Amino acid sequence: MILFSTIFILSFYGNVIIHPNSYLFNNEGDAIKNYFTFNYHIKHDNSFTNFEGMNYPYGENIMYTDCHPVLANLLKLLASEFSFFSDYSIGIINFLMLFSIFLTFIVCYLLLREFGITSWFSLLFSLGITLLAPQIFRLGGHLSLSYSVAIPLSWLLIIRSLSYTDKLFYPVVLFINNIFWLFIHAYLGVIIIFFLFLIIAGKFIIDKLRKKHIVNYVRVLSAVIMPLILFYTFTQLTDTHAGRTDNPSGFFLYTAEFDDIFLPHHLPLSQLIDALTGNIIRQQWEAWSYVGITTTLIFISILFLVVIKLLNRQKTTLEDIFFKNMILNISLASAFIVLLFAMAFPFKQIPWLLDIFPLLKQFRATGRFAWPFFFVSTVFAAVAMQEIYTKSKMTRWKILALASCILAGTFNIAEGIPYHLEVSKAISRSKNLFRMEYLPPSFQTAISKVTPGDYQAIIPLPFFYQGSESFSRPRNDESVRSAILISYHTGIPITAANLTRTSIRESKNIVQLVSPDFYKKEIISDLKDNRPFLVIRTKAGITNYEKEIFGKCTPLYVSDDISLYK
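Keep in mind that what you see is a predicted model, and the values were worked out from it rather than measured.

Draft legend 1. Spotlight on the overall build of the protein chain. From N to C terminus, the protein chain includes 22 helices and 10 strands. For a compact globule of 566 residues, the expected C-alpha radius of gyration is about 24 Å, and the protein chain comes in at 26 Å, within 12% of that figure. With respect to the three principal axes, the spread of C-alpha positions in the protein chain is 85 × 55 × 45 Å. Every one of the 566 residues in the protein chain was classed for burial, and the buried ones make up 55%.

Rendered as structure tokens:
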């Protein structure tokens, strides 16, 4: 297992693994923003809890910047003594994201062994599960959501915590695991905790010896709930930015549907599905959690057997084949409930329910909650395939059953490989622009013209502002990238922002920078610094009000790619 995992990682991602500090997995959109918030916080921020690189003069709480808060602060602490952790922070995070794939192979193997699957079947099916894992596509932008090991590892730990009732070790490790993922990305942590809580509740309900194991249930429940309480408390205590929106958009926009779960979105089968359906299916990228053709066919078989059993009242081997393992059944039911939330059920059907539970509005990409169902359903399919083989060992169908199992596992691998062919090419296209030697010559020259201490902040033109959903300016990728790179290499913060859930008051004040001069600009009272601004101008067009700012500038450096003004 370790040998294959190593060969796979080196074959597909070897260049990045060997030179992790040489690449950005993407130099546009959310990716470069997330690299920037991570990197700037380590190198330039004066605070461990506030990010100062954007949204000047206010900055932003690190928990709202998608900067891997726990890793960013750990490296920031280490960088105060060893410059290596600042200079190679991009390389460290790139390596960890790819190393997560390697760990997913191993953890999925251990999970399958936990459910009694033989070593060779575990090897075969863990390969396919890992290759099909949907979080691989997050490497192109949502970096801190890309850790595919998070959900299967958490699932393995909850199973062992509930199984070994006399051991404190697993609940302690589970607690550390949960709080770690919450401080990597709140979404990922909440998805895990929701899933684990349902497993604990299900196990408690059907456990006839629950009173005997009550102490362990309390321990395990504490390991799931306490991290969420600590995370919420930390965020509330450190957040000084008042007035965030209570109604972010997206709850109903990025939900999952059954086609996102059971229909392929990549070759080799996606073209066949498009041909059969007339290319009318439109899947939601945020909800991609395709479980593979093997798992899909097994669920179809279960539905078929259920119908036969109900209509004919015949005895079937339904329970004997598919539902023998209690903890797997509980996990499947729990994952299905989480999947229903990913589909915004019942809120799509009864929208006013969302007003009764306003906290749920904060989840604006509910399709991501489909991920636990991916892992549980694919493990469930592997267990079912082995059970079919086991029951056929003493019959004439033994060879056919074995061939079916091998074909099922191989099909998972075949469907997952195109994911990694696509992603491995995409993440090695861009050099690490946070290293000076990889910057275009015009940017290197521009930066050499800047004396960082002479300026209080950067105003990019065209101006961009994304975050509060109340006051905003369109995001121009060229303007965002230019501002981010100049900011990182000079340490000068940016007035603009490409963040999430920023303070409405702060966003209003900052956007007023590019409003007409006759408006009273309340941000003036918050600008305590009298130094001038560094204005970055790219080739894209600007508005009339941005031209008013531009008219007050004197040039520092002018080129076809980027120009700097004072």
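Draft legend 2. Looking closely at unusual backbone geometry. Geometrically, the link from Tyr56 to Pro57 is a cis peptide bond, its omega value of 10° lying close to zero. In this fold, Pro57 is placed in the loop between strand S2 (50-51) and strand S3 (60-61). Note the cis peptide between Leu267 and Pro268, where omega equals 10°. For Pro268, the position within the fold is in the loop between helix H11 (258-262) and helix H12 (270-277). With phi around 55°, Asp66 is a residue other than glycine that occupies positive phi space.

Draft legend 3. Local environment of the environment of Ile427. For Ile427, the location among the structural elements is in the loop between helix H18 (398-426) and strand S4 (430-431). Residue classification places Ile427 among the buried residues on the basis of a relative accessible area of 1%. Separated by 209 residues in sequence, Ile427 and Val218 place their C-alpha atoms 44 Å apart.

Draft legend 4. View of helix H20 (residues 477-490). Given a rise of 1.5 Å per residue, 14 residues ought to cover 20 Å, and the 20 Å separating the end C-alpha atoms of H20 matches this to within 8%. Among all positions of H20, only Ser479, Val480, Arg481, Ser482, Ala483, Ile484, Leu485, Ile486, Ser487, Tyr488, His489 and Thr490 are buried. Lining the buried residues of H20 we find helix H2 (29-43), helix H4 (84-87), helix H19 (441-448), strand S5 (457-461), strand S7 (497-498) and strand S8 (533-537). With a side-chain oxygen positioned 3.1 Å from the backbone nitrogen of Glu478, the residue opening H20 is Asn476. Where H20 terminates, the next one or two residues include Gly491, which has phi positive at roughly 80°.

Draft legend 5. Quick look at the side chain of Ser148. Position of Ser148 among the secondary structure elements: in the loop between helix H6 (119-132) and helix H7 (150-163). By relative accessible area, which is 5% here, Ser148 ends up buried. Once you skip the residues sitting within four places of it in the chain, Ser148 turns out to touch Ser100, Ile101, Thr104, Ala133, Gln135 and Phe375.

Draft legend 6. A look at the packing of aromatic side chains. Tallying each qualifying case throughout the model produces 50 aromatic pairs. Between the aromatic rings of Phe374 and Phe375, the centroid separation amounts to 5.0 Å while the plane-to-plane angle is 80°, which identifies the pairing as edge-to-face. For Phe375, a relative accessible area of 1% puts it in the buried group. Chaining the aromatic ring pairs together yields one cluster made of Tyr187, Phe194, Phe251, Phe252, Phe341, Phe347, Phe363 and Phe369. Sitting over the face of the ring of Phe48, Lys76 holds its NZ or CZ atom 5.7 Å from the ring centroid. Sitting above the plane of the Tyr187 ring, Arg368 keeps its charged end 4.5 Å from the centroid.

Draft legend 7. Spotlight on a nonpolar patch on the surface. A surface patch of nonpolar side chains, amounting to about 620 Å² of accessible area, comprises Phe204, Ile205, Ile206, Ile214, Val215, Val218 and Met326. Breaking the nonpolar patch down by element, the ones donating at least two residues are helix H9 (186-206) and helix H10 (214-238). Inspection of the secondary structure puts Met326 in helix H15 (residues 326-342). Under the relative-accessibility criterion, Met326 is labelled partly exposed at 40%.

Draft legend 8. Here's a closer look at the packing of helix H5 (residues 89-114) against H6. Put simply, H5 and H6 touch, their axes get as near as 8 Å, and they point 135° apart. On the basis of the axis angle, H5 is oblique to H6. At the point where H5 passes H6, the crossing takes the right-handed sense. Facing H5, whose interface residues are Ile101, Thr104, Phe105, Cys108, Tyr109, Leu112 and Arg113, H6 presents Ser119, Ser122, Leu123, Phe125, Ser126, Leu127, Ile129, Thr130 and Leu131.

Draft legend 9. Expanded view of the pairing of S8. Of all five residues in S8, five are buried, a share of seventy percent or more. Burial along S8 is two-sided: Phe533, Val535 and Arg537 and Leu534 and Ile536, pointing in opposite directions, are all buried. Direction of pairing for S5 relative to S8: parallel, over a ladder of five bridges. Looking at the pairing, Ile458 lines up with Leu534 of S8.

Draft legend 10. Broad picture of the nonpolar core. Counting residues in hydrophobic clusters, the biggest one holds 180 residues, and the most contacted among them are Tyr13, Trp155, Ile158 and Phe434. Here the element with the most residues in this core is helix H17 (residues 371-392); it accounts for 13 residues. If we ignore the near neighbours within four places in the chain, the residues touching Ile158 are Leu174, Leu196, Ile199, Ile200, Val220 and Val224.

Draft legend 11. Broad picture of the sheet that holds strand S10 (residues 563-565). With mixed pairing, the four strands of this open sheet are ordered in space as S5-S8-S10-S9. Of all strands in the sheet, those with a lone pairing partner are S5 and strand S9 (555-557), marking the two edges. Across this sheet, the average inter-strand angle for adjacent strands is 30°, counted without regard to direction. Sheet contacts for H20: S5 and S8; angle to S5, the most-contacted strand, approximately 160°.

Draft legend 12. Fine view of the environment of Met97. Looking at the element boundaries, Met97 is found in helix H5. Residues Met97 and Phe550, 453 residues apart in the sequence, show an inter-C-alpha distance of 41 Å. Contacts of Met97, omitting those with residues within four sequence positions, involve Phe25, Tyr35, Leu139, Leu143, Ser146 and Tyr147.

Draft legend 13. Structural view of the packing of H6 against H17. In contact at an axis separation of 10 Å, H6 and H17 are set at 155° when each is read in the N-to-C sense. By the angle between their directions, the pair H6 and H17 is classed as roughly antiparallel. In this structure, H6 crosses over H17, and the sense of that crossing is right-handed. From H6, Phe121, Phe125, Ile129 and Leu132 reach across to H17, where they touch Phe374, Phe375, Thr378, Val379, Ala382, Met385, Gln386 and Tyr389. Looking at the contact of H6 with H17 residue by residue, the classes come out as 10 nonpolar, two polar and no charged.

What counts as what
- Residues numbered from 1 in each chain as written.
- Predicted model: local features only at pLDDT ≥ 70, side-chain atom pairs only at ≥ 80, totals over all residues.
- Heavy atoms only, no water.
- Helix = DSSP H or I, 4+ residues; strand = E, 2+ residues; numbered from the N terminus.
- Rg over C-alpha atoms; globule rule 2.2 N^0.38 Å.
- Buried < 20%, exposed > 50% of the residue type's maximum accessible area, 1.4 Å probe, protein only.
- Expected span 1.5 Å × (residues − 1).
- Contact = heavy atoms within 4.5 Å.
- Polar contact = N/O pair within 3.5 Å; in protein donor to acceptor, adjacent residues only side chain to side chain.
- Phe/Tyr/Trp six-rings, centres within 6.5 Å; stacked < 30°, edge-to-face > 60°.
- Lys NZ or Arg CZ within 6 Å of the ring centre and 35° of its normal.
- Patch = residues over 30% accessible without salt bridge, like charges linked within 9 Å, V, L, I, M, F, W, Y side chains within 5 Å.
- Areas by Shrake-Rupley, 256 points an atom, 1.4 Å probe, with all protein chains shown as cover.
- Salt bridge = Lys/Arg side-chain N within 4 Å of Asp/Glu carboxyl O.
- Axes fitted to C-alpha atoms, helices over the stretch in contact; angles between N-to-C directions.
- Parallel < 35°, antiparallel > 145°, perpendicular 65-115°, else oblique.
- Left-handed = near helix turned anticlockwise from the far one by under 90°.
- Pairing = 2+ DSSP bridges.
- Core = buried A, V, L, I, M, F, W, Y, C linked by side-chain atoms within 4.5 Å.
- Nonpolar A, V, L, I, M, F, W, Y, C, P; charged D, E, K, R; others polar.

In short, geometric facts, not functional conclusions.
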